Amino acid sequence: MTLNFADKPRFAITTPLYYVNGLPHIGSAYTTIAADVVARFYRLMGHSVLMITGTDEHGQKIQRTAEERGVSPQAHCDEFVAGFEHLWELLNISCDRFIRTTADRHQVIVNEFFQRVWERGDIYQGQQQGWYCVSCEEFKEERDLLTDQRCPIHTKQQVEWRDESNYFFKLSKYQDQLEQLYADRPDFIQPESRRNEVLSFVKQGLQDFSISRINLDWGFPVPTDPGHTLYVWFDALLGYITALQDPSDPPSLAAATAEWWPINVHLIGKDILRFHAVYWPAMLMSAGLPVPGRVFGHGFLTKDGQKMGKSQGNTLDPLALVHRYGPDAVRYYFMREIEFGKDGDFNETRFINVLNADLANDLGNLLNRTLKMAARYCEDRVPVIDPEAIPLDHPLAALGRSLGETVAEAYTHLAFSQGCTAILALVQASNKFLDDQAPWSLYKQGKQAETEAVLYAVLESVRQAAYLLSPVVPSLSNQIYTQLGFAVDFNQKDIGQQLSYGDHAAWGYLPPGQPLGVASPVFQRLELPELVASP
RNA sequence: GGCUCAGUAGCUCAGUGGUAGAGCAGGGGACUCAUAAGCCCUUGGUCGCGUGUUCAAAUCACGCCUGAGCCA
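Residues numbered from 1 in each chain as written. Chains lettered and ligands numbered in written order. Predicted model: local features only at pLDDT ≥ 70, side-chain atom pairs only at ≥ 80, totals over all residues. Heavy atoms only, no water.

Visitor: Explain the overall build of chain A to me, please; I cannot follow it from the model alone.
Guide: Looking only at helices and strands, chain A features 20 helices and 16 strands. Whereas a compact globule of 535 residues would reach a radius of gyration of roughly 24 Å, chain A reaches 26 Å, a difference of no more than 12%. Dimensions of chain A, computed from the C-alpha atoms along their principal axes, are close to 90 × 65 × 40 Å. Every one of the 535 residues in chain A was classed for burial, and the buried ones make up 56%. Taking the intrachain contacts of chain A between residues at least 6 apart in sequence as the baseline, contacts between residues at least 24 apart amount to 77%. On chain A, roughly 22,700 Å² of surface is accessible, and the fraction owed to carbon and sulfur atoms is 49%. Considering chain A, the positive charge centre built from 46 side chains and the negative charge centre built from 65 side chains are found 3 Å apart. (Helix = DSSP H or I, 4+ residues; strand = E, 2+ residues; numbered from the N terminus. Rg over C-alpha atoms; globule rule 2.2 N^0.38 Å. Buried < 20%, exposed > 50% of the residue type's maximum accessible area, 1.4 Å probe, protein only. Contact = heavy atoms within 4.5 Å. Areas by Shrake-Rupley, 256 points an atom, 1.4 Å probe, with all protein chains shown as cover. Lys, Arg positive; Asp, Glu negative; His and termini not counted. Charge placed at Lys NZ, Arg CZ, Asp CG, Glu CD.)

Visitor: Would you take a moment to explain unusual backbone geometry for this structure?
Guide: Working note: non-glycine residues mostly have negative phi, and peptide bonds are mostly trans. Between Gln190 and the following residue, Pro191, the backbone shows a cis peptide bond with an omega angle of -5°. Secondary-structure assignment places Pro191 in the loop between β7 (189-190) and α6 (192-203). The residue after Trp261, namely Pro262, is reached through a cis peptide bond having omega 0°. Tracing the sequence through the fold places Pro262 in the loop between α9 (253-259) and β12 (265-269). A positive phi is found at Leu414, a non-glycine position, where the angle reads about 60°. By the element assignment, Leu414 lies in the loop between α14 (395-412) and α15 (416-437). Leu414 gets classed as buried once you look at its relative accessible area, which sits at 1%.

Visitor: Whenever I open this one, the protein's contact with RNA strand B confuses me. Can you help?
Guide: Taken together, 45 residues lie around RNA strand B, and Gly205, Gln207, Arg274, Asn365 and Arg369 are the ones closest in. Of everything in RNA strand B that lies within 4 Å of the protein, sugar and phosphate atoms constitute 68%. With respect to RNA strand B, the side chain of Asn196 contributes an N or O atom lying 3.4 Å from a sugar or linking oxygen. Within the side chain of Arg525, one N or O atom sits 3.5 Å away from a phosphate oxygen of RNA strand B. Only α6, α10 (273-286), α13 (348-377), α15 and α16 (439-444) provide two or more residues apiece to the surface near RNA strand B. Looking at which element gives the most residues to the surface near RNA strand B, the answer is α13, with 14 residues. Here the residues of the surface near RNA strand B sort into 13 nonpolar, twelve polar and 20 charged. (Near = heavy atom within 4 Å. Polar contact = N/O pair within 3.5 Å; in protein donor to acceptor, adjacent residues only side chain to side chain. Nonpolar A, V, L, I, M, F, W, Y, C, P; charged D, E, K, R; others polar.)

Visitor: Teacher, can you tell me more about the nonpolar core here?
Guide: In summary, soluble globular proteins display a tendency toward joint burial of nonpolar side chains. Tyr332, Phe334 and Phe351 are the most contacted members of the largest nonpolar core, which totals 113 residues. Here Phe351 is in contact with Tyr325, Ala329, Val330, Tyr333, Phe346 and Leu526, once residues within four sequence places are set aside. Grouped together as the second largest cluster of nonpolar side chains are 61 residues, Leu181, Val198, Val202 and Ile272 included. (Core = buried A, V, L, I, M, F, W, Y, C linked by side-chain atoms within 4.5 Å.)

Visitor: Is there a simple way to explain helix α1 (residues 26-44) in this structure?
Guide: Side chains that are three or four residues apart share a direction in an α-helix, a result of its 3.6 residues per turn. Relative to the 27 Å expected for 19 residues at 1.5 Å per residue, α1 spans 27 Å between its end C-alpha atoms, a close match to the ideal helical length. Burial runs high along α1: 19 of the 19 residues are buried. Trailing α1 by a residue or two, Gly46 shows a phi angle of about 95°, which is positive. (Expected span 1.5 Å × (residues − 1).)

Visitor: Can you walk me through the pairing of β12 in this structure?
Guide: Sheet faces and side chains relate simply in a regular strand, where the side chains alternate between the two faces. Of all five residues making up β12, five are buried, and the element is well covered by its neighbours. Here β12 shows a buried face lined by Val265, Leu267 and Gly269 and a second buried face lined by His266 and Ile268. Sheet analysis places strand β1 (residues 11-19) next to β12, joined by two bridges and oriented parallel. Of the residues in β12, the one forming a bridge with Ile13 is Val265. Pairing between β12 and strand β13 (residues 294-298): five bridges, direction parallel. If you follow Leu267 over to β13, its bridge partner there is Phe296. Between the parallel elements β12 and β13, the chain passes through α10 in a crossover that is right-handed. (Pairing = 2+ DSSP bridges. Right-handed = clockwise from strand over helix to strand, strands pointing away.)

Visitor: What's the story with the packing of helix α11 (residues 318-325) against helix α12 (residues 327-337) in this structure? I'm lost.
Guide: Think of two packed helices as two axes; the pair is described by the angle between the axes and how far apart they sit. It is the contact of α11 with α12, at a shortest axis distance of 6 Å, that shows an interaxial angle of 115°. For the pair α11 and α12, the contacting residues are Leu321, Val322 and Tyr325 in the first and Pro327, Ala329, Val330 and Phe334 in the second. Taken together, the residues of the contact of α11 with α12 sort by class into seven nonpolar, no polar and no charged. (Axes fitted to C-alpha atoms, helices over the stretch in contact; angles between N-to-C directions.)

Visitor: Which parts of the structure should I look at to understand the sheet that holds strand β8 (residues 209-210)?
Guide: Through backbone hydrogen bonds, the strands of a sheet pair up, either in parallel or in antiparallel fashion. The four strands are arranged β5-β4-β6-β8 in an open sheet whose pairing can be described as antiparallel. The open sheet terminates on both sides in strands that have one partner only, identified here as β5 (138-140) and β8. Bridge count between strand β4 (residues 123-133) and strand β6 (residues 160-169): ten bridges; the pairing is antiparallel. What sits directly across from Tyr132, in β6, is Glu160.

Visitor: Would you mind going over the pattern of salt bridges with me for this structure?
Guide: A side chain with one charge may pair with a side chain of the opposite charge, provided their charged atoms come close. For the structure shown, the criterion picks out 21 salt bridges. Measuring nitrogen to oxygen at the nearest pair gives 3.8 Å for the salt bridge that ties Lys432 to Asp436. Separated by four residues within a single helix, Lys432 and Asp436 lie in helix α15, roughly one turn from each other. Residue classification places Lys432 among the exposed residues on the basis of a relative accessible area of 55%. (Salt bridge = Lys/Arg side-chain N within 4 Å of Asp/Glu carboxyl O.)

Visitor: So what exactly am I meant to see when it comes to the sheet that holds strand β14 (residues 301-303) here?
Guide: Sheet architecture is open: three strands sit in the order β15-β14-β16, paired in mixed fashion. Where the open sheet ends on each side, the last strands, each with one partner, are β15 (306-307) and β16 (344-346). Of the pairings in the sheet, the one linking β14 to β15 comprises two bridges and is antiparallel in character. Paired with Lys303 across the strands is Gln306, a residue of β15.

Here is the structure:
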């Protein structure tokens, strides 16, 4: 299939490569949904898009977990990777590449990258002493430890004293270049608060960091010294590069970076900001590669206002959530209700209220009531009116005219909540417009032309809303477009070639006279969970 | 200890010098095309606390309190 992507630049976006120590948690689902929404929006605009996700599978923690479970590390990873792939399928994630860091081709890229950095003189052997938390895969300062040498993050786990020969990456050499990068490109780290954190961290002076471990089998050997194993983060970050290459092509760093590098957006949780905003660009500078476009560290999720965690016993299982409510509901809630970049809360009552109000009552019911009138009053067709004749000050047309741009601005800035709010404003205005105009009453008075003009404007507003919401709720948008008489699947990756963004994102596109589909609720109201009866 | 961000209605948040806002939730009403949806009206806030600057402060300054986070 040959696609014409015209003059639109390529767009590549990544989620983190998730550590497969366990099944995916809701935070991974949140990041992945957000990345998918951005990818879908760029596809809609007609860009050639590569959305990357995958798994990070090396390191001591996985080796130990596998040992505890009595399986080989590879078998352990295979099992849990399947859980990730399954969840992404259920959540309707349209990723283009799923990279596993245990892939053979990845090792080729890692070796080649290491070689470049080695030849640059940025790797040296040294002695690393200190307290090591296996769960963090990081050395800890003694002053940060809790009593009994427990890690402040993994509070049940004692850190281990390590005194070992390691290879180090000369991060300190890139201090000035990094500071220059942050100064030249203020958007490189987002949001602003995360950028401040990185700036203050870097300002304190960068130290070289260890990129190898000894006494660890589960990882790639250091090419120049196979007795050492590459530090999991060094190899994991490079997964982004490996993913850029078609898996069936012979792997090489040059080929992998030829087409899609540099990646436009790395979407990450705020916990791994330092690796992506400091270590990663320095590694790339050393290897002579351009740095990515943006690193966006989003917030964490709480449940009913409480921090989630296994030890707290209040985790939110993404699999259970999507089974219960479906992908669109889950996607919409997280995109609409949480300001991307800030921490956000999940509360089931709130979840149901938001979905019922926005998708069932406002949007779904709007389509349903209007379609049924169109069926009755307009012979099941889009009213035949001249869209050009709609006055400029028509309340819905006026809103719709600026909506496309507003929403594009929001999506490209990862302000999903703002985008959804703007779209819903048109939907709410349409409900009000219907009540104001009362086409059921106009029809009874025999005012056919007026009736049709009202119904056209509302159907068109629903269409525009569905189109602009399609990155967030693709299945819902499919249903709406179908009922409006289109034959379209927003899950198609070449959707931007099938539909003209210029036409569909604008208000006034709906073809007059187009036969309509059968009206049927597109989003069923959700029931509030039963309150536990008091004894 | 140093630094960053946040604190506005029951909930989620907008509002950066000029009479406190939106959505959701709660209460009431009129309508009937519709998923008991939608529409209209409405309850609800000494804008974390204090001091200062100003004709005027949610907004600016300083101090404090609370929460989240960063300091390898």
